[in-house]
Every structure is written in structure tokens, then in C-alpha cells.
Amino acid sequence: MRECCAANIPVVNREVTLPLIVDDRGVLQVAAADVSKLLRTVGGRWLHLVETGEDGLDEDTVAALTIELAKLADRIDVACIAHSSGSAP
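Since the structure is predicted, the reported quantities are computational estimates derived from the model, not experimental observations.

Undergrad: Give me the lowdown on the overall build of the chain, citing residues and values where you can.
TA: Scanning the chain from terminus to terminus reveals two helices and two strands. Listed N to C, the secondary structure of the chain is β-β-α-α in terms of helices and strands. Sequence-distant contacts, at least 24 apart, represent 33% of the contacts inside the chain between residues at least 6 apart. Carbon and sulfur atoms make up 56% of the accessible area of the chain, which totals about 6,200 Å².

Undergrad: Quick rundown of a negative patch on the surface? Include the residues and the values.
TA: Together, Glu51, Asp58, Glu59 and Asp60 make up a negatively charged patch on the protein surface. Judged by its relative accessible area of 57%, glutamate 59 is exposed.

Undergrad: Which residues make up the environment of arginine 75, and what values go with them?
TA: The topology assignment puts arginine 75 in helix 2 (residues 59-85). Along the backbone, arginine 75 and serine 36 are 39 residues apart, and their C-alpha atoms lie at a distance of 8.8 Å.

Undergrad: Describe the nonpolar core, listing the residues and the values that go with them.
TA: Here is a general trend for soluble globular proteins: nonpolar side chains tend to be buried in one another's company. Membership of the largest hydrophobic core is limited to seven residues, which are Ala32, Val35, Leu39, Leu69, Ala73, Ile76 and Cys80. Breaking this core down by element, the ones donating at least two residues are helix 1 (32-51) and helix 2.

Undergrad: Report on the side chain of serine 36, specifying residues and quantitative values.
TA: If you trace the backbone, serine 36 turns up in helix 1. Polar side-chain contacts of serine 36 include one of 3.2 Å to the backbone oxygen of alanine 33. Excluding residues within four positions of it along the chain, serine 36 makes contact with Ala73, Ile76 and Asp77.

Undergrad: Tell me what's going on with the pattern of salt bridges, and back it up with residues and numbers.
TA: Taken as a whole, this structure holds three salt bridges when the rule is applied. A salt bridge links arginine 40 to aspartate 74, with the nearest nitrogen and oxygen atoms 2.8 Å apart. Remark: aspartate 74 occurs in helix 2 and arginine 40 occurs in helix 1; sequence separation between them is 34 residues. Classification of arginine 40 as partly exposed rests on a relative accessible area of 35%. Residue aspartate 74 is classed as partly exposed on the basis of its relative accessible area, which comes to 37%. For the salt bridge of glutamate 68 with lysine 71, the shortest nitrogen-to-oxygen distance reads 3.3 Å. With glutamate 68 and lysine 71 both in helix 2 and three residues apart, this pair spans about one turn of that helix. Linked by salt bridges that have partners in common, Arg40, Asp74 and Asp77 make up one network.

Rules of the game
- Residues numbered from 1 in each chain as written.
- Predicted model: local features only at pLDDT ≥ 70, side-chain atom pairs only at ≥ 80, totals over all residues.
- Heavy atoms only, no water.
- Helix = DSSP H or I, 4+ residues; strand = E, 2+ residues; numbered from the N terminus.
- Contact = heavy atoms within 4.5 Å.
- Areas by Shrake-Rupley, 256 points an atom, 1.4 Å probe, with all protein chains shown as cover.
- Patch = residues over 30% accessible without salt bridge, like charges linked within 9 Å, V, L, I, M, F, W, Y side chains within 5 Å.
- Salt bridge = Lys/Arg side-chain N within 4 Å of Asp/Glu carboxyl O.
- Lys, Arg positive; Asp, Glu negative; His and termini not counted.
- Charge placed at Lys NZ, Arg CZ, Asp CG, Glu CD.
- Buried < 20%, exposed > 50% of the residue type's maximum accessible area, 1.4 Å probe, protein only.
- Core = buried A, V, L, I, M, F, W, Y, C linked by side-chain atoms within 4.5 Å.
- Polar contact = N/O pair within 3.5 Å; in protein donor to acceptor, adjacent residues only side chain to side chain.

Have a look at this one:
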């Protein structure tokens, strides 16, 4: 697997090119919607662990990391929305 290769992602009968995970043949392995959902899910899970008192997790660090994951997910979503509406990101 290679990372950071251009991948074409179908979005409402269009394609948007984002750097995602493709195999050696250039075949997309992960869709943009799945990536943004995964990023938000991981952040939400971390926050849940902090809220339930999981040992060894620093609340400020978890919050900062969760925010950064959400920002990345937002960038992916915005790029897809911009492309599907015909706007540049």
C-alpha cells in the first residue's frame, strides 16, 4: 500500500481527487466519506474514554487530537462538497 497518492472518489456522479490510500495499481482502497467518518468516530471514542474515566488519558491532549481529527474530516468533506457543487475548494 502507498499513502498520499491521488485517488479519484465518486461523489454524486462526479469525481474528486484527494490524497488517500491507494494500492500499487492505483486502485482506491478507502472512500473519502469512509475516511471522514472514521476520523470523527475515533475522536468520539477517545472523548468517551476520557468521560468514563479511562486511566492514562490526558483530557487536554485528547481534546486537542479530537479537534485536529475533526478539522481533517471537515477538509475532506469540504473538498467533496466543493467539487460536487462545481466550486474550487
